[in-house]
Amino acid sequence: MNKLVMAAAVAGISFNSVHPAPLPEVMADDVGVSQQRLAKLDEFFDREIENKRVPGAVVAVARDGKLIHYKAYGQLDPAKGSSMRLDAMFALASMTKPMVAVAGLTLMEQGRLPLRGRLTDYYPEFANMKVAVPRPDGSLEYLAQSSPIYIHDLYRHTSGLTYGAPPDSPDQVARLYPEFAAPPVKGDKQAFIHAITKLPLARQPGTEFEYGFSTDVLGAVVEQVSGQRLGDYLANNLWKPIGMQDATFHLSISQRERLAHPFPDDPLTGKPQEIELLESPTKFDCGGACAFATVGDYVRFGQMLLNGGELDGQRILGPKTVRHMISNHLGPEIKNKVSNVEAHRAGFGFGLGVAVRLSEGLSAVPGNPGEFTWTGAYGTQFFCDPKERLVVVVGTAAPGEIRKYYREQVQYIVYAAIIR
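So, here's what we can say about the structure. (Residues numbered from 1 in each chain as written. Predicted model: local features only at pLDDT ≥ 70, side-chain atom pairs only at ≥ 80, totals over all residues. Heavy atoms only, no water.)

Some remarks on the state of the cysteines
Working step 1: All told, the structure shown has one disulfide when counted by the stated rule.
Working step 2: Between the sulfur atoms of Cys286 and its disulfide mate Cys290 the distance is 1.9 Å. Measuring handedness by torsion sign, the sulfur bridge of Cys286 and Cys290 sits at about 90 degrees and is right-handed.
Working step 3: Judged by its relative accessible area of 1%, Cys290 falls in the buried class. (Disulfide = S-S within 2.5 Å. Buried < 20%, exposed > 50% of the residue type's maximum accessible area, 1.4 Å probe, protein only.)

Okay, structure coming up:
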């Protein structure tokens, strides 16, 4: 066994990919992480896979810009029995959002897309949207916008746009909206803009964090400003420059063969489940939910941000822009409902496309103030901790509630392994 393979074996790095490792590899102990304790990731996923709670996973952990854990577990497709592979393609869902935020910020740096620009400068239809306020009798009162929707509101989810809710939801306004992946499957971008601007806003712009279609609209604005399709703009200005080889909105035939699939039934409820975007090509590049990538791609994205906007000599954003992106943008005048998205987000605010940890404690998972992160509804997660010089990316095909369990357990294990 040569020295590289021996080191990789000890570090838990698996060579089952056609692509080289996304970052330089070192032994975990060399950068202050206990390899013995980090190996608890292996035990955890082996146990979960044996108990048929998740089909498989890919996990990447980097510290000081060096890969210390990069491993595939379980099955790529449980229906076929194929093994998980490091170059597995994952439907990113909302982990599309931070990449679209970076696209928008590259235009901001060029003086082409100011944060205080009005959305109506790009799509005038949004001026006609009213704000729906529930009345005690169950009806809705429709009010004029007290403030315009700014581009800033799209990044930080304060536009008043929301996501759809099931028919039994008490949220009357959310019941009017479509499910997050429905618009790009059912219509093109213009149909999406037309349909959403016929709905009421759930909140007055600039007053509350309301998770929803804001980033899809931001992606449409990027297209208007750049004159390019969103995927083309991202490819030219982010994905290709930093070597995100597989990131895309539209899968090739070979990429489809590497798609990670979920169990046909939710392991918690026993009900049928699916990831619709695996089988339904999208009609537009929706910035909120529609991209695909490998874990290796995304760890390079996270490392670029942790480096202050640069990777391997390719600068995407200036350091001050990245600092602004990963700072909290929910001031005291804005109601912070970030923890409504996931319970372990207590103690977090929200920046430009990412959640930002504000304080010690409060959250259900360990970390440091300044950590920035987001997740995807189909089972993916990433977090970066500048204080610990840490990037962690996890890919699973777990679209049910169990995905939140994996996010917490991985973070527990990784932080427990940091010894200096």
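Focus: helix α7 (residues 189–196)
Working step 1: Every buried residue belonging to α7 is among Lys189, Phe192, Ile193 and Ile196, and all of these are buried. In an axial view of α7, the angular spread of the buried residues amounts to 95 degrees, which keeps them on one side of the axis.
Working step 2: Among the residues of α7, the N-terminal cap falls to Asp188, whose side-chain oxygen and the backbone nitrogen of Gln190 are separated by 3.3 Å. (Helix = DSSP H or I, 4+ residues; strand = E, 2+ residues; numbered from the N terminus. Arc of directions from axis to C-beta. Polar contact = N/O pair within 3.5 Å; in protein donor to acceptor, adjacent residues only side chain to side chain.)

Some words on the nonpolar core
Working step 1: Counting 113 residues, the largest nonpolar core has Met99, Phe126 and Leu238 as the members making the most contacts within it.
Working step 2: If we ignore the near neighbours within four places in the chain, the residues touching Leu238 are Met99, Val102, Tyr233, Met244, Phe301, Met304 and Ile316.
Working step 3: Judged by nonpolar contacts, the second largest core, of 26 residues, contains Phe45, Ala398, Tyr406 and Ile418. (Core = buried A, V, L, I, M, F, W, Y, C linked by side-chain atoms within 4.5 Å. Contact = heavy atoms within 4.5 Å.)

Describing the pattern of salt bridges
Working step 1: Per the counting criterion, the structure on display carries 20 salt bridges.
Working step 2: Between Arg156 and Asp153 there is a salt bridge, with the nearest N and O atoms lying 3.2 Å from each other. Here Arg156 pairs with Asp153, and both are found in helix α5 (residues 151–156), just three residues apart, close to one helical turn.
Working step 3: Residue class for Arg156 comes out buried when judged on its relative accessible area of 8%.
Working step 4: Judged by its relative accessible area of 2%, Asp153 falls in the buried class.
Working step 5: Among the ionic pairs, Arg258 bridges to Asp246, the shortest N-O distance being 2.9 Å. (Salt bridge = Lys/Arg side-chain N within 4 Å of Asp/Glu carboxyl O.)

Here's the deal with the pairing of strand β5 (residues 131–134)
Working step 1: Inspection of the sheet shows β5 paired to strand β6 (residues 140–143) by four bridges, in the antiparallel sense. The partner of Val133 across the bridge, within β6, is Glu141.
Working step 2: Taking the residues that link successive antiparallel strands as the turn, the β5-β6 hairpin has five residues, and the phi of Gly138 there is positive, at about 95 degrees. (Pairing = 2+ DSSP bridges.)

With respect to the packing of aromatic side chains
Working step 1: One pass over the full model with this rule turns up 22 aromatic pairs.
Working step 2: Consider the rings of Tyr211 and Trp374, whose centres lie 5.4 Å apart with planes at 65 degrees: the pair is edge-to-face. Of this pair, Tyr211 sits in the loop between α7 and α8 (214–226) while Trp374 is found in strand β12 (residues 372–375), placing the two residues 163 residues apart along the sequence. Across the pair, Trp374 and Tyr211 agree in class, each one buried.
Working step 3: Look at Trp239 and Phe249: their rings are 5.9 Å apart centre to centre, the planes differ by 45 degrees, and that puts the pair in the tilted class. Separated by 10 residues along the polypeptide, Trp239 in helix α9 (residues 230–239) and Phe249 in the loop between α9 and α10 (253–256) bring together distant segments of the chain. Comparing Trp239 with Phe249, the two get one shared label, buried.
Working step 4: Grouped by ring-pair contacts, the aromatic residues Tyr163, Tyr177, Phe180, Phe192, Phe209, Tyr211, Phe213, Phe284, Phe350, Trp374 and Tyr378 constitute a single cluster. (Phe/Tyr/Trp six-rings, centres within 6.5 Å; stacked < 30°, edge-to-face > 60°.)

Read these as spatial facts, not as claims about activity.
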